[in-house]
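The lines below spell out each chain.
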Amino acid sequence: MLIDRITKLFFGIISYTLVAVILLMITFLVVAGLDNISLEFLVSFPKNSMTEGGIWPSILGTFYFLSIALLFSVPVGILSAVYLSEYSKESRLQRLVLTANNILAGIPSVVFGMFGLSLFSITFGFGTSIISGGLTLGIMSLPYIISNTHESLTAVPKSYREASMALGANKAETTFRIVVPASFSRILTGVIIAVGRIIGETAPLLFTGAAFYITRNPSGIFEPAMSLPTHIFVLSAIYPENVTPKLEGSISVLLIIVITLFISVAIRRRRESKKLEG
Amino acid sequence: MRRRRLDLSSRVLVTIAALITSTVLFGIFFFLISDGVRVFGKISFADFFFSARWYPTYEDAEYGILALLSGTLAVTGLTLAISIPLGFVSAIFLAEFSHRKAHDFLKLIFELMAGIPSVVLGSFGLKYVSKWLMEFFPMKVWTGLNVFNASLMLSILAMPYFVTLIEDALKAVPVDQKEASLALGANTTSTIFRVIIPQARSGILNAIILGTNRIIGETMVVLMIAGGATMIPRSIFDPVRPLTAAIAGEMGEVELGSTHYYALFMIGVVLLAISLIFTVTAMRLKRGMRRC
């Protein structure tokens, strides 16, 4: 019918225009920085009030924060999800954990930052450091990992568990040898999403773990570190125009990392949904 | 024996993990509230919530959050006005009109869009969009960093969220409803607007609530491009300082244990309360959906 064709055309034009604008912006930002990326840019320290040198400490720092965050959120998140889907039957604790997870997922990242400041930096005395920032990011990413793992575990057919139990395996053996391995690939997808979020996160790091400008590597986890997103913030909002080439290069590097992660997630998801369809 | 011990210890282990998760939530409330309420030792409740004067670094410091709150409202309102209609149209196109290949392609771009770090959007708005705005509306705009610029960039963050959640809500409508409508001779367009959307309305409302919650809590974009002025905006081209921007901008330099420090924590409590209300409302709505 004519009206359907008009609706489809109209809605299609809007959707594709939107997508084109976004693609254009991403491409623009990635390409703008490409000229400034060189091996030297990637592996040297910033020099001369950030106008020369590179982003090596920010790359390294991002990696430190990420490692600490995952060290906390992957085990706690996956085990919490295992509890939710395998060990709890409609109990009070289950409802509490589910509700807590939903609420955590909605809390703004800057509020996690304040919590991290108050608990890790001040109460525990870690100060502004890699461990304060990393743990803060870890707590922030907990709900991503729990929700996704919970979903993956519930997708494992009941017959798997029954077959394993029927063969004489106990609960732990069934859970950790059968159910978790069966959903391993989907759990990993969730972890990659969390990695993407942690890598791009800025606000909570500003007052828990970020150094704006360092000229040597932190000597341990109780020292602050630079990170790529905070570096981008500092270069664009605090330093004058003459650092723009460095800013463009940093944005490019961060976008390339994040886009790679999210494309890999998209590919994995597509493969998983094909597997389900058989 | 060993097998039974392993069985028992893994039960203990997962329960501990679950307890940690719930403790974290209580910890966040505890730490924010216990620091936040101390501001009321120095400032009256009414001055904090109903004064628009936020001058924490003045000699006679004032801590009224009304202007900050109005900044958050202005930016959130304009972002919703931009991103909900566009997200809605794209979600309908994805759910009802696109073929598989087009669907997969569009979906991929929306997923990428959701992955753009907010600091990158902040930087883009600060370095480029602000200049374009000055050139485009030279009469009206006195600063490129304003509500409009921040809302444009926030819309990029919020849109994929709306698209995904609204599409899910539309797809959750049973297909026989749609088929019945088509079989009665209705065209696809009126089926969408008269049958599918009304049926999906609680899912759509849920999407809007969750999306709004995210926009309110977004920090980097508003910190970098909302302008930072503590004033109640009169036009969309006025600069503002939303709640999250005040926290992120001032927390780094504040003296621990000062009134300013506690005031910032109280703002954190306000944000926490807002997100709690939104999330619980969304959860209620979802439970209601499942029941019928």
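Just so you know, these numbers come straight off a predicted model, no measurement behind them.

A.B. asks: How do you make sense of the overall build of chain A when you look at a structure like this?
C.D. replies: Within chain A, the regular secondary structure consists of 12 helices and two strands. Taken from the N to the C terminus, the helices and strands of chain A come in the order α-α-β-β-α-α-α-α-α-α-α-α-α-α. Its C-alpha atoms put chain A at 70 × 65 × 30 Å along the principal axes. Out of the 278 residues belonging to chain A, those deemed buried represent 57%. Across chain A, every contact between residues at least 6 apart in sequence was considered, and the portion connecting residues at least 24 apart equals 75%. Of the accessible surface of chain A, which amounts to about 12,100 Å², a share of 66% is contributed by carbon and sulfur atoms. For chain A, the distance from the average site of its 20 positive side-chain charges to the average site of its 15 negative ones is 10 Å.

A.B. asks: What is the right way to read the domain arrangement of chain B from this model?
C.D. replies: A common way to state how big an interface is: give the accessible area lost once the parts meet. All names here are of chain B. Here chain B is partitioned into domain 1 (2-40) and domain 2 (68-247 + 261-291). Between the C-alpha centres of domain 1 and domain 2 there is a distance of 32 Å. Roughly 880 Å² is buried in total at the junction of domain 1 and domain 2, and carbon and sulfur atoms are behind 84% of that figure. The largest per-residue losses of area from domain 1 upon contact with domain 2 belong to Phe29, Leu32 and Asp35, which jointly make up 51% of the total buried on that side. In this structure, the connection of domain 1 to domain 2 is made through zero salt bridges. Between domain 1 and domain 2 we count one residue pair in polar contact (both at pLDDT 80 or more) in total. Within the side of domain 1 that touches domain 2, the residues separate by chemical class into eight nonpolar, one polar and two charged.

A.B. asks: Looking at this model, I keep getting lost on the pattern of salt bridges. Mind explaining?
C.D. replies: Any two side chains of opposite charge can pair, on the condition that their charged atoms come close. Residues and elements named next belong to chain B. Throughout the structure, instances matching the rule amount to eight salt bridges over all chains. The closest approach of N and O atoms between Arg53 and Glu62, which form a salt bridge, is 3.0 Å. For the salt bridge of Glu96 with Lys178, the shortest nitrogen-to-oxygen distance reads 3.0 Å. Here Lys178 lies in helix α7 (residues 175-183) and Glu96 lies in helix α3 (residues 66-97), a separation of 82 residues in the sequence. By relative accessible area, Glu96 is classed as buried at 17%.

A.B. asks: Can you walk me through the interface of chain B and chain A in this structure?
C.D. replies: Contacts between the two partners involve 83 residues from chain B and, on the opposite side, 80 residues from chain A. At the boundary of chain B with chain A, total buried surface from both sides reaches about 7,300 Å², with 76% on carbon and sulfur atoms. Among the residues chain B hides against chain A, the three largest losses belong to Val14(B), Thr21(B) and Phe31(B). Together they make up 8% of the total. Remark: the boundary between chain B and chain A carries two salt bridges. In this structure, the salt-bridge partner of Glu173(A) is Arg3(B), at a minimum N-O distance of 2.7 Å. At the surface where chain B touches chain A, the tally comes to 13 residue pairs in polar contact (both at pLDDT 80 or more).

A.B. asks: Please explain the nonpolar core as it appears in this structure.
C.D. replies: In summary, soluble globular proteins display a tendency toward joint burial of nonpolar side chains. The biggest cluster of nonpolar side chains holds 180 residues, and the ones touching the most others in it are Ile28(B) and Leu170(B). Other than its neighbours up to four places away in sequence, Leu170(B) contacts Ala91(B), Ile92(B), Ala95(B), Ile196(B), Ile197(B), Ala200(B) and Ile204(B).

A.B. asks: Is there a simple way to explain the layout of surface pockets in this structure?
C.D. replies: Take a probe with the size of a water molecule and roll it over the atoms, and the empty space left behind shows itself. Estimated volume of the second largest pocket: approximately 510 Å³. Along its surface, the second largest pocket is lined by 21 residues, and Val21(A), Phe124(B), Leu152(B), Met153(B) and Ile156(B) are the ones closest to its centre. Every element with two or more residues in the lining of the second largest pocket is listed here: α1 (2-34) of chain A together with α3, α5 (118-136) and α6 (147-171) of chain B. Per-element accounting of the lining of the second largest pocket gives the leading share, eight residues, to α1(A). Considering only residue class, the lining of the second largest pocket consists of 19 nonpolar, two polar and no charged.

A.B. asks: For this particular structure, what's the right way to read the side chain of His103(B)?
C.D. replies: Residue and element names in this part refer to chain B. For His103, the location among the structural elements is in helix α4 (residues 100-115). A distance of 2.8 Å separates the side chain of His103 from the side chain of Glu167, its partner in a polar contact. Setting aside residues up to four positions removed in sequence, His103 forms contacts with Leu94, Ser98, Glu167 and Lys171.

A.B. asks: Looking at this structure, I do not really get α5(B). What am I missing?
C.D. replies: Each turn of an α-helix holds 3.6 residues, which means side chains three or four residues apart point in the same direction. Approximately 40° is the largest bend angle found in α5(B), and it occurs at Gly125(B). For α5(B), the tally of buried residues reaches 14 of 19 residues, placing the bulk of the element in the interior.

Parameters and conventions
- Residues numbered from 1 in each chain as written.
- Chains lettered and ligands numbered in written order.
- Predicted model: local features only at pLDDT ≥ 70, side-chain atom pairs only at ≥ 80, totals over all residues.
- Heavy atoms only, no water.
- Helix = DSSP H or I, 4+ residues; strand = E, 2+ residues; numbered from the N terminus.
- Buried < 20%, exposed > 50% of the residue type's maximum accessible area, 1.4 Å probe, protein only.
- Contact = heavy atoms within 4.5 Å.
- Areas by Shrake-Rupley, 256 points an atom, 1.4 Å probe, with all protein chains shown as cover.
- Lys, Arg positive; Asp, Glu negative; His and termini not counted.
- Charge placed at Lys NZ, Arg CZ, Asp CG, Glu CD.
- Domains from an automatic or database assignment.
- Buried area = accessible area lost by both parts, 1.4 Å probe.
- Salt bridge = Lys/Arg side-chain N within 4 Å of Asp/Glu carboxyl O.
- Polar contact = N/O pair within 3.5 Å; in protein donor to acceptor, adjacent residues only side chain to side chain.
- Nonpolar A, V, L, I, M, F, W, Y, C, P; charged D, E, K, R; others polar.
- Core = buried A, V, L, I, M, F, W, Y, C linked by side-chain atoms within 4.5 Å.
- 1 Å grid on protein atoms, 1.4 Å probe; cavity = no way out; pocket = protein on both sides within 12 Å on 5 of 7 lines; lining within 4 Å.
- Points joined across faces, edges and corners; volume = space filled by probe spheres on them.
- Bend = angle between axes of the 7 residues up to and from the residue.

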